[in-house]
Amino acid sequence: QGQLVESGGGLVHPGGSLRLSCAASGFPFSSYAMTWYRQAPGKERELVADITGSGGVTNYADSVKGRFTISRDNAKNTVYLQMNSLKPADTAVYYCHTLLLGYWGQGTQVTVSS
């Protein structure tokens, strides 16, 4: 059974940066695309970014394009989300997810507030 564990969330001022990590285990990590989702209070979970198994192709939601960067280190079985120029609207619980296997992490809270 696969497992995903997110870390790196916290409280940051508007304009600040955070780097989220998601450590994977229990499945052949490099064979699977990975995604980051987020869910704000009272809203549906939304796709933030995804990356292919090799890391060669990435996609972003329009709301984060140019500010967030998804990457992965297949030697460390870890996917990252670098978040820059954070806004209060980015406040949410962030989850990593394997599309084809259906694994979800427990989530990490990101709060952007002055």
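If you walk across this open sheet you meet the six strands as 2-10-9-4-5-6, and the pairing is mixed. The sheet terminates laterally at strand 2 (10-12) and strand 6 (58-60), the two strands that pair on one side only. Here the average twist between neighbouring strands, direction ignored, is 25°. Relative to strand 10 (residues 108-112), strand 2 runs parallel, the two sharing three bridges. Residue pairing for strand 10: Gly10 is matched across the bridge by Val110.

It is worth spelling out the side chain of Arg67 at this point. Structurally, the position occupied by Arg67 is in the loop between strand 6 and strand 7 (68-73). Using a relative accessible area of 12% as the deciding quantity, one classes Arg67 as buried. In this structure the side chain of Arg67 is engaged in a polar contact, spanning 2.8 Å, whose partner is the side chain of Asp90. Ignoring sequence-local partners within four residues, the contact set of Arg67 consists of Gln82, Met83, Asn84, Ser85, Leu86, Lys87 and Asp90.

Calculation rules
Residue numbering note: each chain is counted from 1, following its sequence as written. Restriction of local features to residues with pLDDT of at least 70 applies here, the model being predicted, together with a cutoff of 80 or more for giving and counting side-chain atom pairs; totals for whole chains, interfaces and linings are based on all residues. Values shown for side chains rest on all heavy atoms present in the structure; no hydrogens or waters enter the calculation. Here, strands pair whenever DSSP counts at least two bridges between them. The way it works is that DSSP assigns letters per residue, a run of H or I at least four long becomes a helix, a run of E at least two long becomes a strand, and they are numbered from the N terminus. Axis geometry follows a simple rule: fit a line to the C-alpha atoms, using only the stretch in contact for helices, then measure angles between N-to-C directions, giving values from 0 to 180 degrees. Buried means the residue's accessible area, taken with a 1.4 Å probe over protein chains only, is under 20% of the maximum for its type, while exposed means over 50%, and partly exposed covers the values in between. Between N or O atoms, a polar contact is any pair within 3.5 Å; within protein, one atom must be a potential hydrogen donor and the other a potential acceptor, and residues adjacent in sequence are included only when both atoms are from side chains. Residue contacts are counted whenever heavy atoms from the two residues lie within 4.5 Å of one another.

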